[in-house]
Every structure is written in structure tokens, then in C-alpha cells.
Amino acid sequence: MGVFAILEEECIVPKATDDTFLQKLHNAHGDGKNPKYRKAKTTGKSAANYHFEVVHYAGSVGYNVEGWLNKNKDPINEAVATLFAKSTDPFVAHLWKEYATES
């Protein structure tokens, strides 16, 4: 599984955290399993402010996973949900009824 597939899977898991996501990345790609993936340096003067690197033609790019799960969940926009709830199509209105307002 790639980075995005693991991210998508973790967004579904109720108790997932950024740390569990990072651990799955390390398990899937770390320790030489994928030459394009590197764990961040965590000690010494060159300690990184990122959690992993992806190596590509232009060099290495570091990524910090703080907030990734929260950012990548797909919350519904309240205004859009309210519009769906007010739909003239009874089926659509029923699907979004918890967003209906008394206005």
C-alpha cells in the first residue's frame, strides 16, 4: 500500500492517530523495504522537523504527519448539507434531514 492508501485507511479507523498512521508507513516502507522512503533523523544536530522523506528525481522531500488524519477526513460543509436537507426531492431531503433547520 502506498502513502495515500494508508492515509485513507487510517482516516476510517475510529481510534487512529497521526502516530498510528506514521507507524503503518514505517512498517510498510521503512527499513529498506522501499528505496524511495526514508525515516526522519530523530537525534543529533541534524534532527529533522519532519517524520519521513520521499526521495524523487529532484531530491528528498520531508513530510510532517501532524494533523494529517484530521485534515484528510472529509467533513461535510454545513451550508451544503442544509441545502440538501431543503431539497424538493423527498429522497434527497430525507437523506440529509438531520441538517434541516426550522427557518
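All values derive from a computational prediction rather than experimental measurement.

Engineer: Requested: an account of the overall build of the protein, with residues and values cited.
Structural biologist: Counting its secondary structure elements, the protein contains five helices and three strands. The order of helices and strands in the protein, counted from the N terminus, is α-α-β-β-β-α-α-α. Relative to the 2.2 N^0.38 estimate, which gives 13 Å for 103 residues, the radius of gyration of the protein is 20 Å and therefore markedly larger than a compact globule would have. Counting only C-alpha atoms and orienting by the principal axes, one finds that the protein spans roughly 60 × 30 × 25 Å. In the protein, buried positions account for 23% of the 103 residues. Sequence-distant contacts in the protein: of pairs separated by 6 or more residues, those separated by 24 or more amount to 26%. Looking at the protein as shown, the accessible area adds up to about 7700 Å², and 56% of this sits on carbon and sulfur atoms.

Engineer: Before we move on, could you go through the sheet that holds strand β3 (residues 59-63) and cite the residues and values that matter?
Structural biologist: Reading across the sheet, the three strands line up as β1-β2-β3 and stay open at both edges, with antiparallel pairing between neighbours. Here the strands that pair on one side only, and so sit at the sheet edges, are β1 (37-39) and β3. Neighbour-to-neighbour, the strand axes of the sheet open up by a mean angle of 30°, direction not taken into account. On the sheet, helix α2 (residues 18-29) packs against β1 and β2 (52-56) and is oriented at approximately 125° with respect to β1.

Engineer: I'd like a rundown of the packing of aromatic side chains, residues and numbers included.
Structural biologist: The final tally for this structure, using the stated rule, is seven aromatic pairs. On the basis of an interplanar angle of 35° and a centroid distance of 5.5 Å, the ring pair of Phe21 and Trp68 is categorised as tilted. With a gap of 47 residues between them, Phe21 in helix α2 and Trp68 in helix α3 (residues 68-72) connect regions that are remote in the sequence. Classification of Phe21 as buried rests on a relative accessible area of 0%.

Engineer: Go over a nonpolar patch on the surface with me, naming the residues and quoting the values.
Structural biologist: Taken together, the side chains of Ile76, Val80 and Phe84 present a nonpolar region at the surface, about 210 Å² in accessible area. By the element assignment, Ile76 lies in the loop between α3 and α4 (78-85). By relative accessible area, Ile76 is classed as partly exposed at 34%.

Engineer: How would you sum up the nonpolar core? Please name residues and give values.
Structural biologist: Nonpolar side chains tend to gather and get buried jointly when the protein is soluble and globular. Formed by 13 residues in total, the largest nonpolar core has its most connected members in Phe21, Leu25, Phe52 and Trp68. Breaking this core down by element, the ones donating at least two residues are α1 (3-12), α2 and α3. Sorting elements by how many residues they give to this core places α1 first, with four residues.

Reading the values: the criteria
Numbering of residues begins from 1 in every chain and follows the order in which that chain's sequence is written. In view of the model being predicted, local features appear only for residues whose pLDDT reaches at least 70, and side-chain atom pairs are presented and counted only at 80 or more, with totals across whole chains, interfaces and linings using the full set of residues. The basis for the side-chain values is all heavy atoms of the structure; hydrogens and waters are excluded. Comment: elements are numbered from the N terminus, with helices defined as DSSP H or I runs of at least four residues and strands as E runs of at least two. Our radius of gyration is a C-alpha quantity, and the globule rule it is checked against amounts to 2.2 Å times the number of residues to the power 0.38. Residue exposure (1.4 Å probe, protein chains only): buried if accessible area is under 20% of the type maximum, exposed if over 50%, otherwise partly exposed. Note on contacts: a residue pair is in contact if any heavy atoms of the two residues lie within 4.5 Å. For the area figures, the Shrake-Rupley method with a 1.4 Å probe applies, and any residue is considered shielded solely by the protein chains shown. Strand pairing requires that DSSP identify at least two bridges connecting the strands. A fitted line through C-alpha atoms serves as each axis, taken over the contacting stretch for helices, and the angle formed by two N-to-C directions is quoted from 0 to 180°. Any two rings among Phe, Tyr and Trp, with Trp reduced to its six-membered ring, count as a pair given centres within 6.5 Å; such a pair is stacked if its planes are under 30 degrees apart, edge-to-face if over 60, and tilted if neither. Patch rule: a residue counts if its relative accessible area is over 30% and it has no salt bridge; like charges are joined within 9 Å, and nonpolar side chains (Val, Leu, Ile, Met, Phe, Trp, Tyr) within 5 Å. Salt bridges are identified by distance alone: a Lys or Arg side-chain nitrogen within 4 Å of an Asp or Glu carboxyl oxygen. We call a set of buried Ala, Val, Leu, Ile, Met, Phe, Trp, Tyr and Cys residues a nonpolar core when their side-chain atoms join them within 4.5 Å.

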